[in-house]
Structures are given as structure tokens and as C-alpha cells.
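Architecture at a glance
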Amino acid sequence: MEEEFDIEKLKNISERLRQINSKFRLLTLLKNAKEEYDKNNYEECITNCLEALEHDPENPVALRGMGWSMQVLGNRDEALRYYNLALKFSKNKEIEYTLIGALYYIEDD
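Parameters at a glance
- Residues numbered from 1 in each chain as written.
- Predicted model: local features only at pLDDT ≥ 70, side-chain atom pairs only at ≥ 80, totals over all residues.
- Heavy atoms only, no water.
- Core = buried A, V, L, I, M, F, W, Y, C linked by side-chain atoms within 4.5 Å.
- Buried < 20%, exposed > 50% of the residue type's maximum accessible area, 1.4 Å probe, protein only.
- Helix = DSSP H or I, 4+ residues; strand = E, 2+ residues; numbered from the N terminus.
- Salt bridge = Lys/Arg side-chain N within 4 Å of Asp/Glu carboxyl O.
- Contact = heavy atoms within 4.5 Å.
- Expected span 1.5 Å × (residues − 1).
- Phe/Tyr/Trp six-rings, centres within 6.5 Å; stacked < 30°, edge-to-face > 60°.

All right, on to the nonpolar core then. Counting 22 residues, the largest nonpolar core has A52, M66, M70 and Y83 as the members making the most contacts within it. When contributions to this core are tallied by element, the ones reaching two or more residues are helix 1 (2-38), helix 2 (42-55), helix 3 (60-72), helix 4 (76-89) and helix 5 (94-106). Considering each element in turn, this core owes the most residues, six residues, to helix 4.

Encoded structure:
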């Protein structure tokens, strides 16, 4: 009986470690995306954001990163799509509304 309890405890610890590792990987990818964006390396920013979205498809930071990169690369429709997705999942919607408004303003729309 005690052996089964120990095995269950180990499974729980293993799952928590997996979750922590996943969160750490997500944060690393977002940090890398920001660094690449700051270096004007938008393709690499997109690569990091897409990988982050594989870990967390509803992550508004990664979605905004995709939007910023698409906008800079001249893909207005994709930028707007990513901004709207970020808006859907964001708790702090002012950022997304500002980005969407700025996109329309820059495009004289």
C-alpha cells in the first residue's frame, strides 16, 4: 500500500516538473522573440512566437509578437488577425485595442 502511495507521489511530482519545464520553455521563447524583434530580425521573432504558440495557443504575448512582426513585414491582414486573436485571449485588452488602432491609423483607415 505504501509503495503505491509513493508511486503516485512520484507521478504527481513528475507532472509538476513537466508543467514547470513547459512554462520555463514558453518564457524563454517569448524572451527570445522579443530580443529578435528588437534586433529587427522579424523572421526569427516569428519562429519563436510560433513555437511559443505550440506550447500555449492562447498566449496573447506571442500573438501580439506575431502581429507586430507581420505589421513590420507589411502583412497588414495577418497582423490584424493576430491582434484580434490576442484581444480574444488577453486580460489587459487596452494593449490590443491600441495596436489595432495604431495599425488603422498608420494605414489611414
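We now examine the pattern of salt bridges. Throughout the structure, instances matching the rule amount to eight salt bridges. Of the charged contacts in the structure, one is a salt bridge between D38 and K34, with a shortest N-O distance of 2.6 Å. With a gap of four residues between them, D38 and K34 both fall in helix 1, about one helical turn apart. The salt bridge partner of E78 is R81, with a shortest N-O separation of 3.1 Å. Linking E78 with R81, this pair stays in helix 4, spanning three residues, or about one helical turn. Given a relative accessible area of 39%, R81 falls into the partly exposed group.

Turning next to the side chain of S69. With respect to the helices, strands and loops of the structure, S69 is situated in helix 3. Classification of S69 by relative accessible area gives buried; the value is 0%. When sequence neighbours within four positions are dropped, the list of residues in contact with S69 reads Y37, Y42, C45 and I46.

Moving on to helix 4. The end-to-end C-alpha distance of helix 4 is 20 Å, a good match for the 20 Å that 14 residues give at a rise of 1.5 Å each. Turning to helix 4, the residues buried within the fold contact helix 2, helix 3 and helix 5.

Our next topic: the side chain of N48. When you line up the elements, N48 lands in helix 2. With a relative accessible area of 8%, N48 lands in the buried category. Those residues in contact with N48 that sit more than four places away from it in its chain are L29, N32, A33 and E36.

For residues other than glycine, phi is negative in most cases, and the peptide bonds are mostly trans. With phi around 60°, N40 is a residue other than glycine that occupies positive phi space. Inspection of the secondary structure puts N40 in the loop between helix 1 and helix 2.

This next bit is on the packing of aromatic side chains. In this structure the tally under the stated criterion is two aromatic pairs. Relative to Y42, the ring of Y37 lies with its centre 5.3 Å away and its plane at 65°, an arrangement referred to as edge-to-face. Among the residues examined, Y37 registers a relative accessible area of 23% and is labelled partly exposed. A centroid spacing of 5.9 Å and a plane angle of 45° characterise the contact between Y37 and W68, whose relative ring orientation is tilted. One end of the pair, Y37, is in helix 1; the other, W68, is in helix 3, with 31 residues separating them in the sequence. Put simply, the rings of Y37, Y42 and W68 touch in pairs and so form one group of aromatic residues.

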